[in-house]
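# Topology and contacts: notes
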Amino acid sequence: MIIGVDLDNTMFTCNSFIYKVINKFQYANLHSAHYKEVKTQDTMLSSSMLKNTHKVFNPIKYKSFPQAVETINLLYSLGCKIHFVSRRPNFSPLVKATVEWLQINKVNYDKLILSCKNKVKYADEHNIKLFIDDCRDVCLRLERRGIRAVLFRGSLKEGSEQLRILKPANILIATSWKSISNNVDSLLQESSNKHKILPVNFDKCDNLKEELIFNR
């Protein structure tokens with residue numbers, strides 16, 4: 001099974017001001033489906049300017065959410081393919097800092113996709129069955145495509161060990177990676193059984209707040 005995972009505010013936090021500026025500039029057109037798969041050789045920085053800029057994106061600034069790395073590595077050990085899919089700009093210092101963080105934290109993964117401004121289309125085209133993201137709109141659209149979505153609403157403190165369901169949108173809400181880890185078997189089984197359905201009007205679910213405990 002292929003699992004899609006967001007980076008910022010899902011795997012880690014990053015409060016870099018310059019990143020936010022570049023991020024805003026890069027995403028002026030949010031309807032583009034372009035993305036870049038990062039290869040190892042793409043992380044080399046040759047110019048002194050890029051090397052100095054890289055210091056601004058020091059990976060030490062990225063604070064990992066508790067048990068995020070452990071849960072990803074667990075999924076990887078179970079035979080799942082991990083695709084990190086992010087809207088992070090394809091900007092050399094930021095690319096290098098991202099790869100460096102994954103290496104330092106010994107995260108196992110198969111692909112790193114940056115500058116992805118249409119995650120639902122990417123997930124659909126690459127047969128992703130389960131996607132973990134902090135954006136509610138992305139999760140809504142994933143569910144409408146028959147892709148199991150987990151909306152991550154965690155913090156650097158330990159959250160609930162249970163997943164909750166937003167009905168009738170059917171989005172799973174996780175306030176900690178431990179809640180995802182505790183439900184790995186159920187998540188994988190349910191995700192493999194989901195089927196594509198036709199797109200609908202997502203706005204109908206915007207104000208729904210009913211939540212149920214995920215216990216399957």
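Each remark here, short or long, concerns the structure printed above.
Attention here is on the structure that accompanies the text. This is a predicted model, so every value here is computed, not measured.

Before going further, it helps to examine helix α4 (residues 92-104). Here α4 is 13 residues long and its end C-alpha atoms lie 18 Å apart, about the 18 Å a rise of 1.5 Å per residue gives. Looking at α4, one finds that the buried residues are P93, L94, V95, A97, T98, V99, W101 and L102. Of the residues flanking the end of α4, it is K106, one or two places downstream, whose phi is positive at about 55°.

So, on to the pairing of strand β10 (residues 171-174). Burial along β10 is two-sided: the face carrying I171 and I173 and the face carrying L172 and A174 are both buried. The pairing of strand β9 (residues 164-166) with β10 spans three bridges and is antiparallel. Each residue of the ladder has a partner; that of L166, found in β10, is I171.

Quick look at the packing of aromatic side chains now. Going through the model one piece at a time under the given rule, you end up with five aromatic pairs. Within the aromatic cluster, the residues linked to one another by ring pairs are F12, Y62 and W101. For R88, the ring lying beneath its charged end belongs to Y62, and the centroid distance is 4.8 Å.

What counts and what doesn't
- Every residue gets a number counted from 1 within its own chain, in the order that chain's sequence is written.
- Per-residue local features of the predicted model are confined to residues with pLDDT of at least 70, and side-chain atom pairs are confined, for both listing and counting, to 80 or more; whole-chain, interface and lining totals are unaffected and use all residues.
- With hydrogens and water excluded, all non-hydrogen atoms of the structure serve as input to the side-chain values.
- Secondary structure elements are taken from DSSP: a helix is a run of H or I of four residues or more, a strand is a run of E of two residues or more, and numbering for both begins at the N terminus.
- Here, expected helix span is obtained from the residue count minus one, scaled by 1.5 Å.
- With a 1.4 Å probe rolled over the protein chains alone, any residue whose accessible area is under 20% of its type maximum counts as buried; one over 50% counts as exposed, and the rest are partly exposed.
- When DSSP finds at least two bridges between two strands, those strands are taken to pair.
- Note on ring pairs: Phe, Tyr and Trp rings are taken, using the six-membered ring of Trp, and paired if centres are within 6.5 Å. Classes follow the plane angle, with under 30 degrees stacked, over 60 edge-to-face and the rest tilted.
- Comment: the charge-over-ring label is applied if NZ (Lys) or CZ (Arg) is within 6 Å of the ring centre and within 35 degrees of the ring normal.

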